[in-house]
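Here's the letter readout for the chains.
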2 protein chains.
Amino acid sequence: MPAKAVSSATADRRQAQLEALLTAAEKRICETGSHALKARDLAADIGVALGGLYNIVQDMDDLLLRVTVRTQGRLDALFERETAHRPMTTRAQALDRLVAVALAYFTFARENLPLWRMMFEVRITTPLPEWAVEAQLGLFRHVGAPLSVIMPEASPEALTIRARTLFSAVHGVVYIGLEERLIAVPPQKLADEIEWLIRAGCR
Amino acid sequence: MPAKAVSSATADRRQAQLEALLTAAEKRICETGSHALKARDLAADIGVALGGLYNIVQDMDDLLLRVTVRTQGRLDALFERETAHRPMTTRAQALDRLVAVALAYFTFARENLPLWRMMFEVRITTPLPEWAVEAQLGLFRHVGAPLSVIMPEASPEALTIRARTLFSAVHGVVYIGLEERLIAVPPQKLADEIEWLIRAGCR
DNA sequence: CTTTATATTGAACAACGTTCAAGCTTGCGA
DNA sequence: TCGCAAGCTTGAACGTTGTTCAATATAAAG
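These numbers come from a predicted model, not from an experiment.

Undergrad: Describe the overall build of chain A, listing the residues and the values that go with them.
TA: Broken down by element type, chain A carries 10 helices and 0 strands. Order of helices (α) and strands (β) in chain A, N terminus to C terminus: α-α-α-α-α-α-α-α-α-α. Along the longest, intermediate and shortest principal axes, the C-alpha atoms of chain A span 60 × 45 × 30 Å. The buried share of chain A, taken over its 203 residues, is 48%. In chain A, the proportion of contacts linking residues at least 24 apart, taken out of those at least 6 apart, comes to 72%. Carbon and sulfur atoms make up 56% of the accessible area of chain A, which amounts to about 10,300 Å² in all.

What follows is the structure, given as structure tokens:
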């Protein structure tokens, strides 16, 4: 066999299998929650024997991690789609954009609740592979770019930290807000709080 | 047998067993993480047969929930101990107290990382029992009380929401900040960010 | 002390992720 | 066109898991 064909037929099939597997996993996660994912169900979904899963994916954690990164990719695309067209030259515009990013995050979380939750439930023992770290850090640019307009005199390091703080704060409000076991806050009120939070932090 | 003795010997033993079980569970969680809890290990720890666990606790979820509430109780006690002695008559004092609460939360999370994480990992299908909801809502008073001094003209409802927002924001910063899979931020810098966040939100 | 009711036990069960020897398919050289 | 080696796929089997329940041991009551 050739050592490493750039695109052999089997490699293509593996890619297709991987995508089918991820799609099936996402479907099941959305329907019944991430902890209800069963290897046997997924194998049946994509028409593969039980053991065959482990030719597509290293193990179940690997699968969850890939789903997570896929979700991050969709979130990234949403940020891009939702805010790229907004100008960012003045301070006020940058602030509006930051608010838009935060509200888009809230919307995404609400509309993709199980997948969104998964992003923070995945616990890994071994260090994250680089492609996973990249996908995660890439998201911060949607906060960092507007923030650099709002805080033009800040050092890059201070800016990175502050961007993380703002993102984390919004994340926290969304996270606790969507936790149903406490008193439910109406989504519009939550959105208002998120906007207030961003504007208060940027004054 | 009497229908319900106020304090029979067996009921006392059950209480003791429950406490031993919770303590053993906490120990294991702190040592090896919450998802490494095994029914057989715990049964051995407290000197009970495997099936005996289900006389003490309904099932594993029930156990985790009880550990969670215990942790919330310790957090509550820490808030009390750390901030009750601070006066709260002036606005500035109330603000200082709010900052103290937030920093205490951060410290608690850092020093009890596995137990603290568990509080947000427990996923319940059935609605939370009242005693669990109580313990959770009780924590908010440590934010609500100082905040009512800072926002004296706000309606009780607006105050509740704002308290939740502030708590959630701080929680988010702590949560993401302690996530090790991203770039580690020095604790002192994190603490600074938390204090900044509170003060920015209360201006 | 006998009897009755409760508490405890641990073997058994179903469901889970993961492995691996065996069979099957595939692609290439003759 | 055929045959053969190399990899892929399979599904039975394994070790763990949480949970159950008939049997046993213990405690309470008359």
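What follows continues from the structure just given.
Undergrad: Please set out the environment of A:Ala43 residue by residue, giving values where relevant.
TA: Residue and element names in this part refer to chain A. Along the chain, Ala-43 turns up in helix α2 (residues 39-45). Using a relative accessible area of 3% as the deciding quantity, one classes Ala-43 as buried. In this structure the C-alpha to C-alpha distance between Ala-43 and Glu-80, which are 37 residues apart in sequence, comes to 34 Å.

Undergrad: Tell me about the relation of the copies chain B and chain A, residues and numbers included.
TA: Of the two same-sequence chains, chain B is brought onto chain A (RMSD 0.0 Å, axial shift 0.0 Å) by a rotation of 180°. The superposition operator between the copies reduces to a two-fold rotation axis. Both copies share a contact surface, since 100% of the interface residues of chain B are interface residues in chain A too.

Undergrad: I'd like a rundown of the nonpolar core, residues and numbers included.
TA: Ranked by internal contacts, the top residues of the largest apolar core, which has 88 residues, are A:Tyr105, A:Trp116, A:Val174, B:Tyr105, B:Trp116 and B:Val174. Setting aside residues up to four positions removed in sequence, B:Tyr105 forms contacts with B:Leu75, B:Phe79, B:Trp116, B:Phe120, B:Phe167, B:Val170, B:His171 and B:Val174.

Undergrad: Give a description of the domain arrangement of chain A that names residues and reports values.
TA: Residues and elements named next belong to chain A. Segmenting chain A into domains produces domain 1 (1-57) and domain 2 (61-201). On a C-alpha basis, the centroid separation for the pair domain 1 and domain 2 is 29 Å. Tallying the contact residues gives 13 residues for domain 1 and 11 residues for domain 2. Roughly 1,100 Å² of surface becomes buried between domain 1 and domain 2 when both sides are summed, with 72% attributable to carbon and sulfur atoms. Put simply, domain 1 and domain 2 have 2 salt bridges between them. Put simply, Arg-70 and Glu-26 hold a salt bridge, and the shortest N to O gap is 3.1 Å. The interface formed by domain 1 and domain 2 contains 4 residue pairs in polar contact (both at pLDDT 80 or more). The element best represented in the side of domain 1 that touches domain 2 is helix α1 (residues 9-32), accounting for 9 residues.

Undergrad: A description of the protein's contact with DNA strand C should follow, citing residues and the corresponding values.
TA: In the vicinity of DNA strand C, 19 residues are found, and the nearest of them are A:Ala39, A:Arg40, A:Leu50, A:Tyr54 and B:Ala49. Taking all atoms of DNA strand C within 4 Å of the protein, the share assigned to sugar and phosphate is 50%. The contact in question runs from a phosphate oxygen of DNA strand C to an N or O atom on the backbone of A:Ala39, over 2.9 Å. Considering every element that reaches the surface near DNA strand C, the biggest residue donor is helix α1 (residues 9-32) of chain B, with 3 residues. Each residue belonging to the surface near DNA strand C can be placed in one class, and the counts come to 8 nonpolar, 5 polar and 6 charged.

Undergrad: Give me the interface of chain B and chain A: which residues, what numbers.
TA: Contact with chain B, which involves 38 residues of that partner, is made by 38 residues of chain A. Both sides together, the interface formed by chain B and chain A hides about 3,800 Å², and carbon and sulfur atoms give 59% of it. When residues of chain B are sorted by the area they lose upon contact with chain A, B:Arg123, B:Arg164 and B:Arg181 head the list and together hold 20% of the total. Here chain B is connected to chain A by 6 salt bridges.

Undergrad: Explain the confidence of the model for chain A to me, and be specific about the residues and the numbers.
TA: Averaged over every residue, the pLDDT of chain A is 92; residues scoring 70 or more account for 95%. Every residue in residues 1-6 of chain A is under pLDDT 50, and counting partners more than four places away or in other chains gives 0 contacts.

Undergrad: Run through the packing of helix α4 (residues 60-83) of chain B against helix α7 (residues 130-139) of chain B, naming residues and quoting values.
TA: All names here are of chain B. Here α4 crosses α7 at 25°, and the two axes come no closer than 10 Å. As far as their axial angle goes, α7 and α4 are roughly parallel. Remark: the crossing between α4 and α7 carries left-handed chirality. Between α4 and α7, the contacting residues are Leu-65, Arg-66, Val-69, Gln-72, Leu-75, Asp-76 and Phe-79 on the first element and Trp-131, Ala-132, Ala-135, Gln-136, Gly-138 and Leu-139 on the second. Of the residues contributing to the contact of α4 with α7, the split by class is 8 nonpolar, 3 polar and 2 charged.

Undergrad: Which residues make up the pattern of salt bridges, and what values do they have?
TA: Residues and elements named next belong to chain A. Overall, the coordinates contain 24 salt bridges over all chains when judged by the stated rule. A salt bridge links Asp-96 to Arg-199; the shortest N-O distance between them is 3.1 Å. One end of the pair, Asp-96, is in helix α5 (residues 91-111); the other, Arg-199, is in helix α10 (residues 187-201), with 103 residues separating them in the sequence. On the basis of relative accessible area, Asp-96 is assigned to the partly exposed category, the value being 34%.

Undergrad: Which residues make up the packing of helix α5 (residues 91-111) of chain B against helix α10 (residues 187-201) of chain B, and what values go with them?
TA: A pair of packed helices is captured by two measures, namely the crossing angle of their axes and the spacing between those axes. Residue and element names in this part refer to chain B. The geometry of α5 relative to α10 is characterised by a closest axis approach of 9 Å and an angle of 145° between their N-to-C directions. Relative to α10, α5 is oriented so that their crossing is right-handed. Where α5 abuts α10, its residues Leu-95, Asp-96, Leu-98, Val-99, Ala-102, Leu-103, Phe-106 and Arg-110 lie against Pro-187, Leu-190, Ala-191, Ile-194, Glu-195, Ile-198 and Arg-199. Partitioned by chemical class, the residues of the contact of α5 with α10 number 11 nonpolar, no polar and 4 charged.

The rules behind each value
Residues numbered from 1 in each chain as written. Chains lettered and ligands numbered in written order. Predicted model: local features only at pLDDT ≥ 70, side-chain atom pairs only at ≥ 80, totals over all residues. Heavy atoms only, no water. Helix = DSSP H or I, 4+ residues; strand = E, 2+ residues; numbered from the N terminus. Buried < 20%, exposed > 50% of the residue type's maximum accessible area, 1.4 Å probe, protein only. Contact = heavy atoms within 4.5 Å. Areas by Shrake-Rupley, 256 points an atom, 1.4 Å probe, with all protein chains shown as cover. Least-squares fit on C-alpha atoms with pLDDT ≥ 70 in both. Core = buried A, V, L, I, M, F, W, Y, C linked by side-chain atoms within 4.5 Å. Domains from an automatic or database assignment. Buried area = accessible area lost by both parts, 1.4 Å probe. Salt bridge = Lys/Arg side-chain N within 4 Å of Asp/Glu carboxyl O. Polar contact = N/O pair within 3.5 Å; in protein donor to acceptor, adjacent residues only side chain to side chain. Near = heavy atom within 4 Å. Nonpolar A, V, L, I, M, F, W, Y, C, P; charged D, E, K, R; others polar. pLDDT = per-residue confidence, 0-100. Axes fitted to C-alpha atoms, helices over the stretch in contact; angles between N-to-C directions. Parallel < 35°, antiparallel > 145°, perpendicular 65-115°, else oblique. Left-handed = near helix turned anticlockwise from the far one by under 90°.

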